[in-house]
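Geometric and topological summary
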Amino acid sequence: MPTRDPKVSPSGRAPARGLSPRAVSDLLLHARASNAGLRIDVALPRVVREVEARDEEGLAARLLAAWSDTVRAHVEAGAHEVSLSGGVDSAALCAMAARHAPGKVRAWTMDVHFADAVERSNARRMAKVTGAELVDVLIPDAVLPDLFEHAVLANQTVILNARAVASAVFYLEARRQGAGPVLLSGAGADEVLRGTPGAIPSAKARVDEDRALAAQVLAAVDNPWTPLQAGSRDHAPLPREAPGAVDKSDSPRDGAPRRDQESKPSTPPSTGALSSDGRGADQARDPRGAPPAVDNLRTVSEGEDSDHAPSAPPVDNLGTGLAAPWELPSEDALPTEELRYARWVLTELILPPELRGARAHGLTVRTPYLDEGFARVALALPESVLLREGFGKWLFRHAVRSLVPEEVRLARKTPRYGHTALSSPVRARWLELYRAWLSPARLGPLQVIDSRAVLGLLERYTRLSPDDPRADPMDRLLMRLVSLAMLQAHTEAPS
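Now for the overall build of the chain. Within the chain, the regular secondary structure consists of 17 helices and five strands. Residues classed as buried in the chain amount to 58% of the 495 residues present. When the accessible surface of the chain is split by element, carbon and sulfur atoms take 50% of a total near 19,300 Å².

Quick look at the structure:
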């Protein structure tokens, strides 16, 4: 996430270092073009789904062949380790990798309190069926709030659920136990295979909730707010060679297939084994040493001449009338809403923890489901063969029937994110973290946040039960604000 340009303005005053206030408000309101400036390159093929299904068995055979070719290319390039959650996506990945490299596959799974028990059981079953060595990484509950700041810095973006924190810790500990340097991940399957029926309407509802809550905590300023248009200076893509960029190269490396997600190894933080109380042996406050170049708030002012130039929105009429973020104007708009949504959710939610969280610990994560060859076949499939009897990814589930046991491939997808603080076994520790980072002293440097409104929201939040429908959007906002305060604190730190 970039900082503001430190050059002195014509008024003679040097702007404060840190995050652009406009960038902060735009992020909280989802008011920016999809994928603008976020340097994770998701080059989804410009494919439109066929309207009618031809021979379904023929389509299934073609899909399985594409999957086999894709995974074989990764395996032949030396990738024999798989991140295995136990869902059908990672199960099919593990099974296909084991088919091409029998006896050589090692599968890594995560033991954390919100992991689905059925999926964990399925992961153990898949390891046994495929002959893969299974390594179970224990993540104690207390690690998540204690390593939240580490995860924010590793991902270089805001975090909005505990899953992203757990992913960063998972890669940290897996690397310590000898994982890598390359892991295969099932990320992206839902987006190219219509894995979650109703995903787009649900996402729109969450965006509306986010905007309405954000409007309550954003401070009003003098200048009226209007959405920035694509191509404006604040939305210009950032240089790919800048620090923190994720390299998803078009060029094969060491025989790897095209369109994989590459991570450049870095020196992992010295944490030691995770203890039962959730703390690493040698955790430093900044696990990567010097304050990082923060690189992905997407809408950053460059050399603003006025302290008030980055304007925030008025707070009385937001949350309605704005387009979904994946439908905002873009210089590189994809031909369908499904593709635009897929690129948005991958770049904003799915890939940062998978790619950046791993990269911070010297691991490379590759995502075969997003490789061009497989994605092109998957995205051309008619919707009628993907959504059936309440299942998403129906044809893929059918195609991998020779690889994945029925109880695994037909298991219903279960949500794994949940409320971070209220449902956590270490709820008090989470709330302590929230209060520490949502103080006026921490929020003040962001310039557009009403700290009194945030504290009021936090107090209302602490009185809710975990299953209260109001808790989820509140938690997302509070975690974003904590993340922003952490990023701001590190950009202000002396280099």
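Read on for the rest.
This part takes up the packing of helix α9 (residues 199-217) against helix α16 (residues 451-462). It is at 8 Å that the axes of α9 and α16 come closest, and there the two elements cross at 125°. Classified by the angle their axes make, α9 and α16 are oblique. When α9 is examined against α16, the residues Leu-213, Gln-216 and Val-217 are found in contact with a partner set consisting of Ala-453, Val-454, Leu-457 and Arg-460. Here the residues of the contact of α9 with α16 are counted per class, giving five nonpolar, one polar and one charged.

Looking now at helix α4 (residues 117-130). In an α-helix, one turn spans 3.6 residues, which is why side chains three or four residues apart end up on the same side. Taking 1.5 Å per residue, 14 residues should reach 20 Å; α4 reaches 20 Å between its end C-alpha atoms and fits that length. What α4 keeps buried is the set Glu-119, Arg-120, Asn-122, Ala-123, Met-126, Ala-127 and Thr-130. For α4, the buried positions fall inside an angular range of 160° around the axis, keeping them on one side. Opposite the buried face of α4, at more than 90 degrees from it, the exposed residues are Ala-117 and Lys-128. Where α4 is buried, its residues meet α3 (88-100), β2 (106-111), β3 (133-138) and α13 (406-409). The N-capping residue of α4, defined by a side-chain oxygen 3.2 Å from the backbone nitrogen of Val-118, is Asp-116.

Soluble, globular proteins show a tendency: their nonpolar side chains are buried together. Formed by 138 residues in total, the largest nonpolar core has its most connected members in Leu-28, Ile-139, Phe-148, Leu-193, Phe-374, Tyr-434 and Ile-449. Not counting residues up to four positions away in its chain, the partners in contact with Phe-148 are Ile-159, Val-165, Trp-430, Leu-433, Met-479, Val-482, Ser-483 and Met-486.

Further remarks concern the packing of aromatic side chains. Remark: the centre distance and the inter-plane angle together describe each pair of aromatic rings, the angle taken between the planes. Applying the stated criterion to the full structure yields 13 aromatic pairs. Aromatic pair Trp-67 and Phe-396: ring centres 6.0 Å apart, planes at 85°, arrangement edge-to-face. In this pair, Trp-67 is assigned in helix α2 (residues 56-76) and Phe-396 in helix α12 (residues 394-399), connecting sequence segments 329 residues apart. Across the pair, exposure class does not vary: Trp-67 and Phe-396 are buried alike. An aromatic cluster is built from Trp-67, Tyr-369, Phe-374 and Phe-396, whose rings are joined through pairwise contacts. Here the basic side chain of Arg-388 rests over the ring of Trp-394, its NZ or CZ set 4.3 Å away from the ring centre. Cation over ring: Arg-442 sits above Trp-437, and NZ or CZ is 3.9 Å from the ring centre.

Next up on the list: the environment of Val-48. Mapped onto the elements, Val-48 comes out in the loop between α1 (21-28) and α2. Note on Val-48: relative accessible area 52%, which makes it exposed. For the pair Val-48 and Leu-379, spaced 331 residues apart in sequence, the C-alpha to C-alpha distance is 7.0 Å. Apart from residues lying up to four places away in sequence, Val-48 is in contact with Thr-336, Leu-379 and Ala-380.

About the criteria used
Throughout, residues of each chain are indexed from 1 in the direction in which the sequence is written. Only residues with pLDDT of 70 or above have their local features reported here, since the model is predicted, and side-chain atom pairs are shown and tallied only from 80 upward, although totals for entire chains, interfaces and linings are computed over all residues. Based on all heavy atoms of the structure, the side-chain values leave hydrogens and waters out of the count. Every helix listed is a DSSP run of H or I at least four residues long, and every strand listed is a run of E at least two residues long, numbered separately from the N terminus. Note on exposure labels: buried denotes an accessible area under 20% of the residue type's maximum, exposed denotes more than 50%, and partly exposed covers the range between, all computed with a 1.4 Å probe on protein chains only. To measure how exposed things are, a 1.4 Å probe is used in the Shrake-Rupley method; for residues, cover is taken only from the protein chains shown. Only the stretch in contact is used when fitting a helix axis, every axis being a line fitted to C-alpha atoms; angles between N-to-C directions are given from 0 to 180 degrees. Any angle that is under 35 degrees is reported as roughly parallel, and any over 145 degrees as roughly antiparallel; angles of 65 to 115 degrees are reported as roughly perpendicular and all others as oblique. Between two residues, a contact is recorded if the distance between any of their heavy atoms is within 4.5 Å. As a working rule, the residues Ala, Val, Leu, Ile, Met, Phe, Trp, Tyr, Cys and Pro are called nonpolar, Asp, Glu, Lys and Arg charged, and the rest polar, with Gly in that last group. The span one expects for a helix is its residue count, reduced by one, times 1.5 Å. The arc in question is traced by the directions running from the helix axis to the C-beta atoms. Any pair of N or O atoms that falls within 3.5 Å is considered a polar contact. Within protein, one atom must be able to donate a hydrogen and the other to accept it, and sequence-neighbouring residues count only if both atoms are side-chain atoms. Working definition of a nonpolar core: buried Ala, Val, Leu, Ile, Met, Phe, Trp, Tyr and Cys residues. They are joined through side-chain atoms within 4.5 Å. Stacked, tilted and edge-to-face are the three classes applied to pairs of Phe, Tyr and Trp rings, where Trp contributes its six-membered ring and a pair requires centres within 6.5 Å; stacked means planes under 30 degrees apart, edge-to-face means over 60, and tilted covers the rest. The rule is short: NZ of Lys or CZ of Arg within 6 Å of the ring centre and within 35 degrees of the ring normal puts a charge over the ring.

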